[in-house]
Amino acid sequence: MLEIKYEYTGEILNFDQFWLRDHCRCLECYNEVTKQRKYNLLDLPDDIAVKHWHSTEDGKLLKVKWNDGHCSEYELDFLYNSQVDKIVLLNDLRTPWRLSEILLKENDLKFKLTHVVSSDECVKNLVKALVQYGIVFIEQVPANTTMTEMAIRRIFPIMKTFFGEMFTFSDAPDHSDTAYSKDYLGSHTDNTYFCDAAGLQVLHCLQHLNGTGGENFFVDGLNAAYELKLSYPEFFDILTKVPVPAEYIEAGQHHKHSAPLICTDPVTGDIVQLRLNVYDRAVFNTLPQREMATFYESFRKFLQVVQNPVNKWCLKLQPGTIVIFDNWRVYHGRHSYTGHRTMTGCYIQRTDFISKARVLGIID
C-alpha cells in the first residue's frame, strides 16, 4: 500500500499500488477523447510496484515512477474522490414523501410545455425534480400521441418494447394486461418481468367520455421502504434478499425475471430499485417451503405500508397533462372507471434517465 497525505483535509490516504497504476491517466494509458483505457489489464507486470514518488509543493499532484520505467501523474483530488467511502449516495439526492409532504411541493413538479421546449434550464429543473421526488408533470400539451411524443423526446430518448415506443391503450384488450381494462389497479411498478425494467413511465390521458372514476394514484416506494426498515428491520432485510419471480405471457411473448422487491446497492446499501406488482407474480419457487411463512408476513406488512392512505397521492389525470414518474421508485395505480378512456404513454430506460441527470450535473 502507498500512504499519501491529502493536504486539504489532513487525511492519510492508502492506495493499492496495482489499483493506482490501473488508474494512470497518461496519454499512453488513457484516451482523453473517448474516455477509455487503452490497455489490457494483463499488459501490466505481475510485480508492478512504485519505485519512487512525490507530491508537488502545492499538494495538487502526485507523481509516480514505476519499477517498469513507466511514469504517472495524478490529481490528488481525483484520487481522494475515487475512494469507496467518498461515493455520493443517491439517497442523499432523493426526498422521500408522504401525501401531506408532496402536496406542499406540487407546484414545483409542474412544467409548461412551452417552457420545456424553449428552455434548457427548465429541462434541467424537471430532471432534478424527477431525481428528487420521482414524479413531475408537463402541462398544456395538446391531447394526442404525436405531441406527447414530441414533449418526451425533448428530454429523453424513448424505450422500445413489445408494446411499441409510444403506446395507446383503452378498455380494448390489445394485450394480456390488466391495464387494458376498466378494472381497479393497485399500487405497482411496471415491467417486473423484464430483466431491465423501464426507468421512467409516461402517461397522458387523451380523453374520458361518458363515464366516471379512473383516478390515478401514486405512492413513494422509497418512503414506504424506509418506513418498513424503521419499524420492521427484519422484514426489510428479507425483502432485499428474496427474489420474487414475475412473468408476462401472451401470443408471441413470454418474459420472466426474478429479483427482490427492494433492490439495494451492494457497495453503498442505497435502495436502488423497488419492484412491486402483485398481478405479474409467477409461481413463487425461489424459497424453501419452510421459509415461506416469514416471507409472506414480510410482504404483507410492506403492502400495508404501501396501501396506507397517508402515503397515497390520488388525482385525476386530465387531457393536456403528462405525468412522468420513476418506475424504479414510485408505485402507481388506478381506480376502476366507467365510460371510454384513452391513454397514451411510453417508457424511458433507466440508463438514459440517469445519463441525462449526469450530463446536466444533477448527479455524479
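Every residue gets a number counted from 1 within its own chain, in the order that chain's sequence is written. Per-residue local features of the predicted model are confined to residues with pLDDT of at least 70, and side-chain atom pairs are confined, for both listing and counting, to 80 or more; whole-chain, interface and lining totals are unaffected and use all residues. Hydrogens and waters are ignored; side-chain quantities use all the structure's heavy atoms.

What counts as an axis is a line fitted to C-alpha atoms, over the stretch in contact for a helix, and the angles between N-to-C directions run from 0 to 180 degrees. Helix and strand assignments follow DSSP, with helices taken as H or I runs no shorter than four residues and strands as E runs no shorter than two, numbered in order from the N terminus. At a closest axis distance of 10 Å, the pairing of helix H5 (residues 120-133) and helix H10 (residues 350-359) adopts a crossing angle of 120°. Here H5 lies oblique to H10, going by the angle between them. Crossing of H5 against H10: the hand is left-handed. Where H5 approaches H10, its residues Val123, Val127, Leu130 and Val131 are matched on the opposing element by Phe353, Lys356 and Ala357. Roughly parallel means an angle under 35 degrees; roughly antiparallel, over 145; roughly perpendicular, 65 to 115; everything else is oblique. In this scheme, a crossing is called left-handed if the near helix is turned counterclockwise away from the far one by less than a right angle; it is called right-handed if the turn is clockwise. In what follows, a contact means two residues having at least one pair of non-hydrogen atoms within 4.5 Å.

Take the packing of helix H7 (residues 221-231) against helix H9 (residues 292-306) next. A pair of packed helices is captured by two measures, namely the crossing angle of their axes and the spacing between those axes. Relative to each other, H7 and H9 sit at 130°, their axes nearing to 9 Å. Judged by the inter-axis angle, H7 sits oblique to H9. As H7 runs across H9, the sense of the crossing is right-handed. Side by side, H7 and H9 meet where Ala224, Ala225, Glu227 and Leu228 of the first sit next to Lys301, Phe302, Val305 and Val306 of the second. Its residues assigned to classes, the contact of H7 with H9 comprises six nonpolar, no polar and two charged. Put simply, Ala, Val, Leu, Ile, Met, Phe, Trp, Tyr, Cys and Pro go in the nonpolar bin, Asp, Glu, Lys and Arg in the charged bin, and everything else, Gly too, in the polar bin.

Let us look at H5. Here the expected length of a helix is defined as 1.5 Å per residue gap, with one fewer gap than residues. Between the first and last C-alpha of H5 there are 20 Å, a value that for 14 residues agrees with the 20 Å anticipated at 1.5 Å per step. When H5 is considered as a whole, its buried residues turn out to be Cys122, Val123, Leu126, Val127, Ala129, Leu130, Val131 and Tyr133. Pairs of N or O atoms are called polar contacts if they sit within 3.5 Å, as long as, within protein, a hydrogen donor faces a hydrogen acceptor (for residues adjacent in sequence, only side-chain-to-side-chain pairs). You can read the cap of H5 off the contacts: a side-chain oxygen lies 3.3 Å from the backbone nitrogen of Glu121, and it is on Ser119. In the segment just after H5, Gly134 is the residue with positive phi, at about 85°. Each residue is placed in one exposure class: buried if its accessible area under a 1.4 Å probe, protein chains only, is under 20% of its type's maximum, exposed if it is over 50%, and partly exposed if it falls in between.

The next subject is the pairing of strand E6 (residues 61-66). Here E6 shows a buried face lined by Leu62, Val64 and Trp66 and an unburied face lined by Leu61, Lys63 and Lys65. In this analysis, strands are considered paired if DSSP registers two or more bridges between them. Relative to E6, strand E5 (residues 50-55) is paired through five bridges, and the arrangement is antiparallel. In the sheet register, Val50 faces E6, and the bridge partner there is Trp66. Taking the residues between adjacent antiparallel strands as the criterion, E5 and E6 are bridged by five residues, where Gly59 takes a positive phi near 75°. Summarising the sheet, E6 and strand E7 (residues 71-75) pair through five bridges and their orientation is antiparallel. The partner of Lys65 across the bridge, within E7, is Cys71. The turn joining E6 and E7, which pair antiparallel and follow one another in sequence, is formed by four residues; a positive phi near 95° is taken by Gly69.

Moving on, we get to unusual backbone geometry. Despite not being glycine, Gln140 has its phi angle at roughly 60°, a positive value. Its location among the elements puts Gln140 in the loop between strand E9 (135-139) and helix H6 (145-153). Despite not being glycine, Asn210 shows a phi value in the positive range, around 55°. Mapped onto the elements, Asn210 comes out in the loop between strand E12 (200-209) and strand E13 (216-220).

Let us now look at the domain arrangement of the protein. Under the domain assignment, the protein is made up of domain 1 (2-89) and domain 2 (99-360). The straight-line distance from the C-alpha centre of domain 1 to that of domain 2 is 42 Å. How far each domain reaches was decided by an automatic or database domain assignment.

We define the nonpolar core as a collection of buried residues of types Ala, Val, Leu, Ile, Met, Phe, Trp, Tyr and Cys that are connected through side-chain atoms lying within 4.5 Å of one another. Core analysis: the largest hydrophobic core is formed by 59 residues, its most contacted members being Leu126, Val127, Ile135, Ile138 and Ile324. Ignoring anything within four residues of it in the chain, the contact list for Ile138 reads Phe111, Lys112, Leu113, Val116, Leu126, Ile155, Gly320, Thr321, Ile322 and Ile324. Of all hydrophobic cores here, the second largest spans 26 residues; its members include Leu222, Ala224, Ile271 and Leu287.

This brings us to the pattern of salt bridges. For this analysis, a salt bridge means a side-chain nitrogen from Lys or Arg found within 4 Å of a carboxyl oxygen belonging to Asp or Glu. Applying the stated criterion to the full structure yields twelve salt bridges. Residue Arg21 is joined to Asp68 by a salt bridge in which the shortest nitrogen-to-oxygen separation is 3.0 Å. In this pair, Arg21 is assigned in helix H1 (residues 17-22) and Asp68 in the loop between E6 and E7, connecting sequence segments 47 residues apart. Exposure remark for Asp68: the relative accessible area of 39% places this residue in the partly exposed category. Between Arg350 and Asp326 there is a salt bridge, and its shortest N-O distance comes to 3.5 Å. A residue pair is termed long-range when its members are at least 10 positions apart, and Arg350 in helix H10 and Asp326 in strand E19 (residues 322-326) qualify at 24 residues. Across the pair, Asp326 and Arg350 agree in class, each one buried. Each of Glu149, Arg153 and Glu165 takes part in one network of salt bridges that share partners.

Our focus in this paragraph is the UniProt feature "domain: Gamma-butyrobetaine hydroxylase-like N-terminal" (unreviewed entry) in the protein. Within this structure's numbering, the places UniProt gives as "domain: Gamma-butyrobetaine hydroxylase-like N-terminal" (unreviewed entry) are residues 2-80. Across residues 2-80 one finds 14% helix and 39% strand; the C-alpha atoms that close the span lie 13 Å apart. UniProt positions are given in the numbering used here, feature names are shortened, and annotations may be inferred rather than shown by experiment.

Now for the sheet that holds strand E10 (residues 167-169). Read from one edge of the open sheet, six strands run E8-E9-E19-E12-E21-E10, paired in mixed fashion. The open sheet terminates on both sides in strands that have one partner only, identified here as strand E8 (110-112) and E10. The sheet shows a mean angle of 25° between the axes of neighbouring strands, direction not considered. The pairing of E12 with strand E21 (residues 340-348) spans nine bridges and is classified as antiparallel. Among the inter-strand pairings, Gln201 is bridged to a residue of E21, identified as Tyr347. Taken strand by strand, H10 contacts E12, E19 and E21, and its axis lies near 65° from that of E21.

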